[in-house]
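Examining the three-dimensional arrangement
This is what each chain is made of:
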Amino acid sequence: MVGMTPAANSEGGPGGGGAGKGKANAAQQATDGSLKRKRGLFNKDLRLMMYGFGDDPDPMPETVHLMEDILIDYITDTVHKSQNVASRRGKLTTEDVMFLVRKDSRKFARVKELLAMNEELKRARKAFDLDEEKLATEF
């Protein structure tokens, strides 16, 4: 959990007690170290999203940092779960993420929409590059 000390999240402390928590603690400690380097990565986007969802136009920096910590924890957790799903193949793909969110219809639809948009952008870039090459060879 964000803001908890590793001792409070260990097997004997509050919120702990489950099997496999040692591995989760190691991942949490590794994540905490990388969070310090990545702080501010989503700052501008989160501020705008928070305002779009009804927050103050200038939210408190502590709130933005908390939201960023929650977001990074969620992304890290999702990628780790996806890696576990993909461990048999040895390669992480977008289908692994889709497999994880398949039961949440809103997330699944959003992933499909983003992947379709990504493919459309790839086709547009390719068409633009081909047109640019034709113009270059004509002159």
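Everything numeric in this text was worked out from a predicted model, so none of it was measured.

With respect to the overall build of the protein chain
In terms of regular secondary structure, the protein chain is built from 5 helices and 0 strands. Taken from N to C terminus, the helices and strands of the protein chain fall in the order α-α-α-α-α. Counting across all 139 residues of the protein chain, residues that qualify as buried make up 14%. Long-range contacts, defined as pairs at least 24 residues apart, comprise 31% of the intrachain contacts of the protein chain with a sequence gap of at least 6. A total of about 10900 Å² of accessible surface is found on the protein chain, and carbon and sulfur atoms cover 59% of it.

Re a negative patch on the surface
A cluster of acidic side chains, namely Asp 129, Asp 131, Glu 132 and Glu 133, defines a negative patch on the protein surface. By secondary structure assignment, the location of Glu 132 is in helix H5 (residues 105-138).

Considering the packing of helix H2 (residues 43-52) against helix H3 (residues 61-86)
Where H2 contacts H3, the two axes come as close as 10 Å, and the packing angle between them is 105°. When the interaxial angle is binned, H2 and H3 end up roughly perpendicular. Residues Asn 43, Leu 46, Arg 47 and Met 50 of H2 lie in contact with H3, whose contacting residues are Thr 63, Val 64, Met 67, Glu 68 and Leu 71. Across the contact of H2 with H3, the residue classes break down as 5 nonpolar, 2 polar and 2 charged.

Brief notes about the packing of aromatic side chains
Here the structure, examined in full by the defined rule, presents 0 aromatic pairs. Lying over the aromatic face of Phe 99, Arg 102 brings its terminal NZ or CZ to 3.9 Å of the ring centre.

Some thoughts on the environment of Met 50
By the secondary structure assignment, Met 50 is in helix H2. Taking relative accessible area as the criterion, Met 50 reaches 9% and is therefore assigned buried. Spatially, the C-alpha atoms of Met 50 and Met 67 are 9.2 Å apart, while their sequence positions differ by 17 residues. In this structure, Met 50 is in contact with Asp 55, Pro 59, Thr 63, Val 64 and Met 67, ignoring residues within four places of it in sequence.

What about a nonpolar patch on the surface?
On the surface, a nonpolar cluster with roughly 320 Å² of combined accessible area is contributed by Tyr 74, Ile 75, Val 79 and Leu 92. Its location among the elements puts Tyr 74 in helix H3. Overall, Tyr 74 belongs to the partly exposed group, its relative accessible area being 41%.

Some words on the environment of Thr 93
Along the chain, Thr 93 falls in the loop between H3 and helix H4 (94-100). On a C-alpha basis, the gap between Thr 93 and Ser 82 in space is 8.4 Å, while along the polypeptide they are 11 residues apart. A distance of 3.5 Å separates a polar atom in the side chain of Thr 93 from a polar atom in the side chain of Arg 89.

Regarding H3
Its 26 residues place the ends of H3 37 Å apart at the C-alpha level, agreeing with the 38 Å of an ideal helix rising 1.5 Å per residue. Within H3, the full set of buried residues consists of Val 64, Glu 68, Asp 69, Ile 72, Asp 73, Thr 78, Ser 82 and Ala 86.

What counts and how
Residues numbered from 1 in each chain as written. Predicted model: local features only at pLDDT ≥ 70, side-chain atom pairs only at ≥ 80, totals over all residues. Heavy atoms only, no water. Helix = DSSP H or I, 4+ residues; strand = E, 2+ residues; numbered from the N terminus. Buried < 20%, exposed > 50% of the residue type's maximum accessible area, 1.4 Å probe, protein only. Contact = heavy atoms within 4.5 Å. Areas by Shrake-Rupley, 256 points an atom, 1.4 Å probe, with all protein chains shown as cover. Patch = residues over 30% accessible without salt bridge, like charges linked within 9 Å, V, L, I, M, F, W, Y side chains within 5 Å. Salt bridge = Lys/Arg side-chain N within 4 Å of Asp/Glu carboxyl O. Lys, Arg positive; Asp, Glu negative; His and termini not counted. Charge placed at Lys NZ, Arg CZ, Asp CG, Glu CD. Axes fitted to C-alpha atoms, helices over the stretch in contact; angles between N-to-C directions. Parallel < 35°, antiparallel > 145°, perpendicular 65-115°, else oblique. Nonpolar A, V, L, I, M, F, W, Y, C, P; charged D, E, K, R; others polar. Phe/Tyr/Trp six-rings, centres within 6.5 Å; stacked < 30°, edge-to-face > 60°. Lys NZ or Arg CZ within 6 Å of the ring centre and 35° of its normal. Polar contact = N/O pair within 3.5 Å; in protein donor to acceptor, adjacent residues only side chain to side chain. Expected span 1.5 Å × (residues − 1).

Geometric values such as these leave the question of function open.
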